[in-house]
Amino acid sequence: MRKYAYWIFLFLLIAGLVASPTPKTARTRIADGFDQPVGKPDAKDYYMSRGFRAKYHMGEDWNGIAGGNSDLGDPVYSVAHGIVVLARDMRMAWGNLVIVRHTFIEDNQRKVVDSVYAHLEQIMVKEGQQIVRGQQVGTIGNNRGMYRAHLHFELRKNIYIGYNQRGFAGDLSNYYIPGAFINPRRKLSGGGRSGVVAVDTFNLPSNSISSTSTKNESVASSKPSSSEAKPSSKSFRVNRFEDPL
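Residues numbered from 1 in each chain as written. Predicted model: local features only at pLDDT ≥ 70, side-chain atom pairs only at ≥ 80, totals over all residues. Heavy atoms only, no water.

**Points about the layout of surface pockets**
- Each pocket or cavity is described by its volume, and for the largest pocket that value is around 430 Å³.
- Around the largest pocket, the lining is made up of 19 residues, and of these A93, W94, Y147, H152 and Q165 lie nearest the centre.
- Here the lining of the largest pocket is built from residues that sort into seven nonpolar, six polar and six charged. (1 Å grid on protein atoms, 1.4 Å probe; cavity = no way out; pocket = protein on both sides within 12 Å on 5 of 7 lines; lining within 4 Å. Points joined across faces, edges and corners; volume = space filled by probe spheres on them. Nonpolar A, V, L, I, M, F, W, Y, C, P; charged D, E, K, R; others polar.)

This is the structure we're talking about:
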């Protein structure tokens, strides 16, 4: 019986190793602070229309104060120095998606956090690219008319989540509340230094379109077909804090 148990354990161990990507490493600049992803550096002319809600909405949505789809095409910025670990069209609910990995020093320890920028109209960075705080990573989009134009923004403790959130608890064990993270970390020590971070920490579907595979530096969302819902130009201000469960 012990013999069979040993072989079952060995099989499961090997299967797990094959299924999980082996992280590589890269050196990137240590973050000297964090800013807001729109209206840099303080989200000027934007408001947060939907906040963090564990298990339901693990980030913040940002909209322009002018209402409607007035913010469609507005610039989206990296909140800190870092390296791009994902920049591609993930389709589904994500659309054009960028993830930047940052390392920072806090309490004499070097920590890592992923910033996530979703539903982009255009991607303006490439996977593996080193970027700096305040550099434009894309533009605000609506995922081919699936949503009103806005930026969905996340900050993650867990660098293994990637595009597939299933299998990871949607709570503060894996995510930060973006505003609560950024506000006390506007200025940090470590500027001018660099550190090593893990990269290639999540699997990607073969049918996703990487920004590195295109001729141009930007990846644009294709226009919605006539069968897809097109966003209205009517002025509005959404308040996603009041969404039902």
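Additional details are given in the paragraphs that follow.
**Here's the deal with the pairing of strand 3 (residues 60-64)**
- In terms of burial, strand 3 is a largely internal element, five of the five residues being buried.
- Alternating residues of strand 3 divide into E60, W62 and G64 and D61 and N63, and every residue in both groups is buried.
- Taken together, the four bridges between strand 2 (residues 46-50) and strand 3 define a ladder with antiparallel strand orientation. Looking at strand 3, one finds that Y46 is bridged to G64.
- Sheet topology note: the strand 3/strand 11 (residues 151-156) ladder contains three bridges and is antiparallel. Bridge pairing in strand 11 links E60 to F153. (Buried < 20%, exposed > 50% of the residue type's maximum accessible area, 1.4 Å probe, protein only. Helix = DSSP H or I, 4+ residues; strand = E, 2+ residues; numbered from the N terminus. Pairing = 2+ DSSP bridges.)

**Considerations on the packing of aromatic side chains**
- With the rule as written, the count across this model stands at five aromatic pairs.
- With a centroid separation of 5.7 Å and an interplanar angle of 90°, the aromatic rings of F34 and F104 are classed as edge-to-face. On the criterion of sequence distance, the pair formed by F34 in the loop between strand 1 (24-29) and helix 2 (39-43) and F104 in strand 6 (residues 96-106) is long-range, its members being 70 residues apart.
- Through a chain of ring-to-ring contacts, three or more aromatic side chains come together here, namely F34, F104, Y176 and F181.
- The ring of Y176 has K157 sitting right over it, with the charged end atom 5.0 Å from the ring centre. (Phe/Tyr/Trp six-rings, centres within 6.5 Å; stacked < 30°, edge-to-face > 60°. Lys NZ or Arg CZ within 6 Å of the ring centre and 35° of its normal.)

**So, the pattern of salt bridges**
- In this structure the tally under the stated criterion is 12 salt bridges.
- Its salt-bridge partner being D35, residue R186 comes within 3.0 Å of it at the nearest N-O pair. Here the residue R186 occupies a position in the loop between helix 3 (178-182) and strand 13 (194-199), and D35 occupies one in the loop between strand 1 and helix 2, the gap between them amounting to 151 residues.
- R186 sits in the partly exposed class, given a relative accessible area of 26%.
- You can call D35 buried: its relative accessible area is 11%.
- For the salt bridge of E154 with R156, the shortest nitrogen-to-oxygen distance reads 2.9 Å. (Salt bridge = Lys/Arg side-chain N within 4 Å of Asp/Glu carboxyl O.)

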